[in-house]
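# Overview (structure and organization)
This is what each chain is made of:
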Amino acid sequence: VHCQTKTDGVGTLEPWNFNISYDKLVIAAGAEASTFGIKGVKEHAIFLREVYHAQEIRRKLLLNLMLSDVPGVTEEEKRRLLHCVVVGGGPTGVEFSGELSDFIMRDVHQRYAHVKDYIHVTLIEANEILSSFDDRLRRYATKQLTKSGVRLVRGIVKDVQPEKIVLTDGTDVPYGLLVWSTGVGPSSFVKNLEFPKAPGRRIGVDEWLRVPSVQDVFSIGDCCGFLESTGKPTLPALAQVAERQGKYLANLLNEIGKTGGGHANAAKDMELGKQFVYKHLGSMATVGRYKALVDLRQSKEAKGLSMAGFPSWFIWRSAYLTRVVSWRNRFYVAINWATTFVFGRDISRI
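Residues numbered from 1 in each chain as written. Predicted model: local features only at pLDDT ≥ 70, side-chain atom pairs only at ≥ 80, totals over all residues. Heavy atoms only, no water.

## Describing the overall build of the chain
Helix and strand counts for the chain stand at nine helices and 20 strands. Overall, the C-alpha framework of the chain stretches about 75 × 55 × 45 Å when taken along its three principal axes. For the chain, long-range pairs separated by at least 24 residues make up 59% of all intrachain contacts whose partners lie at least 6 apart in sequence. Carbon and sulfur atoms make up 56% of the accessible area of the chain, which amounts to about 20100 Å² in all. (Helix = DSSP H or I, 4+ residues; strand = E, 2+ residues; numbered from the N terminus. Contact = heavy atoms within 4.5 Å. Areas by Shrake-Rupley, 256 points an atom, 1.4 Å probe, with all protein chains shown as cover.)

Laid out in structure tokens, this is it:
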């Protein structure tokens, strides 16, 4: 593997090139936010992918709250500064819109009384929000988001400018905070790899998550997909897919090592056993104000549990609590959630 050092924030260091040899290589490079080639997105929008994105959203929102209180700011400019726009009506965009609106209603209105009539959240989606859920759950989500103060707009973004976005119908939407959540696609690194590609330009893998064109190379997560020759559909870019692939591949590599195939080229003709099979556990999304959606069916046409409301919110929180790695952190998160529910606000914000 040919590598080069990368140092953020330091422009004086020369990159250092080095090579790493491997016996087995796993490519799990993830994906990057999809911009669909829309001009201005990368320059002016904030994505929902990394921790620093969350920090930038908080910084931008607090800055706009302070700027809106500067004497002499016009009514029009105040409305722009305090307009939070979210593009993308998938689970991530819906969850963020609901949580942001709750934060505004519970905390911002108390601390910044002057913004009560100005600050609001708009969610823009080209089609239906939460398209992976059934109609009943989508209607419930629409109702709850509207009740919590989120304005829903159906439209397609054509251009993103420093202080406004332009829709394809010519509508201008001024904003102070723009959050982009329209799904993910392959990174430039994945696109440039000279491997056979799966649909969506992902790295093509076989039933054992191997890259067939190269010996001892595997791929998991958002950056890969089944080759068309396998007859399997490309799996969604979800954490539960990547987690299950990781566990499967870890067990597979352990078995390969136990049978003497751990070194390079040693597993060339080895039988690998069971293929990777993904079973969808369901989808969940919160819509704010202690309400959520839970759909545990394999597909929208299949039978199974699908529900909405407070019980769904409790299931959603419980499921996410199990994903926290350490018991210590689980305890801290559970205590924080409990105090938020009892006192109606997040004590970590005080």
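There is more to say, and it comes next.
## Describing the sheet that holds strand β12 (residues 177-180)
Within the open sheet, the five strands sit side by side as β5-β12-β6-β7-β8. Their pairing is parallel. Either end of the sheet is taken by a strand with one partner, and the two such strands are β5 (46-47) and β8 (150-154). Bridge count between strand β7 (residues 120-125) and β8: five bridges; the pairing is parallel. Bridged to E125 within β8 is R154. (Pairing = 2+ DSSP bridges.)

## Observations concerning helix α5 (residues 135-147)
Look at α5: 18 Å from first C-alpha to last across 13 residues, which is about the 18 Å you get at 1.5 Å a residue. Among the residues of α5, those classed as buried are L137, R138, A141, Q144 and L145. The buried residues of α5 occupy an angular sector of 130° when the element is viewed end-on, so they sit on one face. Those residues of α5 that are exposed and aimed more than 90 degrees away from the buried face are R139, K143 and K147. On its buried side, α5 packs onto α4 (91-111), β7, β8, β18 (283-288), β19 (291-295) and β20 (306-309). (Expected span 1.5 Å × (residues − 1). Buried < 20%, exposed > 50% of the residue type's maximum accessible area, 1.4 Å probe, protein only. Arc of directions from axis to C-beta.)

## Some words on the UniProt feature "domain: FAD/NAD(P)-binding" (unreviewed entry) in the chain
Taking the UniProt record as the reference, the feature "domain: FAD/NAD(P)-binding" (unreviewed entry) is found at residues 15-246. For residues 15-246, helix accounts for 32% and strand for 24%, while the C-alpha atoms at its two ends are 31 Å apart. (UniProt positions renumbered as here; feature names shortened; annotations may be inferred.)

## A word on the side chain of D134
With respect to the helices and strands, D134 occurs in the loop between β7 and α5. A polar side-chain atom of D134 sits 3.2 Å from the main-chain amide nitrogen of R136. (Polar contact = N/O pair within 3.5 Å; in protein donor to acceptor, adjacent residues only side chain to side chain.)

## Some points on the packing of aromatic side chains
Under the criterion given, the structure shown has six aromatic pairs. Through pairs of rings, three or more aromatic residues link up here, namely Y290, F310 and W313. It is K78 that lies over the ring of Y118; its NZ or CZ is 5.0 Å from the centre. A cation over an aromatic ring shows up here: R330 above the ring of W327, its NZ or CZ 4.4 Å from the ring centre. (Phe/Tyr/Trp six-rings, centres within 6.5 Å; stacked < 30°, edge-to-face > 60°. Lys NZ or Arg CZ within 6 Å of the ring centre and 35° of its normal.)

## Considering the sheet that holds strand β11 (residues 172-174)
Spatially, β9-β10-β11 is the arrangement adopted by the three strands of the open sheet, whose pairing is antiparallel. Since the sheet does not close on itself, it has two edges, and those belong to β9 (157-160) and β11, each with one partner. Each adjacent strand pair in this sheet contributes to an overall mean axis angle of 25°, direction not counted. Taken together, the three bridges between strand β10 (residues 164-167) and β11 define a ladder with antiparallel strand orientation. Bridging from a neighbouring strand, K164 pairs with P174 of β11. (Axes fitted to C-alpha atoms, helices over the stretch in contact; angles between N-to-C directions.)

## Observations regarding the side chain of D102
If you trace the backbone, D102 turns up in helix α4. Classification of D102 as buried rests on a relative accessible area of 4%. Sequence-distant contacts of D102, defined by excluding residues within four places in its chain, comprise S148, G288 and R289.

## Focus: the environment of S326
Looking at the element boundaries, S326 is found in the loop between α8 (310-323) and α9 (327-343). The exposure class of S326 is partly exposed, given its relative accessible area of 29%. With 215 residues separating them in the primary sequence, S326 and R111 have C-alpha atoms 34 Å apart.

## Quick word on the pattern of salt bridges
Using the criterion set out here, one finds 12 salt bridges in the structure. With a shortest N-O distance of 2.8 Å, R59 and E56 are connected by a salt bridge. With R59 and E56 both in helix α2 (residues 51-67) and three residues apart, this pair spans about one turn of that helix. Here R323 and E243 are joined by a salt bridge, their closest N and O atoms 2.1 Å apart. On the criterion of sequence distance, the pair formed by R323 in helix α8 and E243 in helix α7 (residues 239-258) is long-range, its members being 80 residues apart. (Salt bridge = Lys/Arg side-chain N within 4 Å of Asp/Glu carboxyl O.)

## Quick word on the pairing of β12
Alternating positions in β12 separate into two faces, L177 and V179 on one and L178 and W180 on the other, with burial throughout. One ladder, built from two bridges, connects β5 with β12; its direction is parallel. Its bridge partner being in β12, F47 is matched across the sheet by W180. Two strands pair when backbone bridges link them, and strand β6 (residues 83-87) and β12 are joined in this way by four bridges, in the parallel orientation. Note on β12: the bridge partner recorded for V85 is L178.

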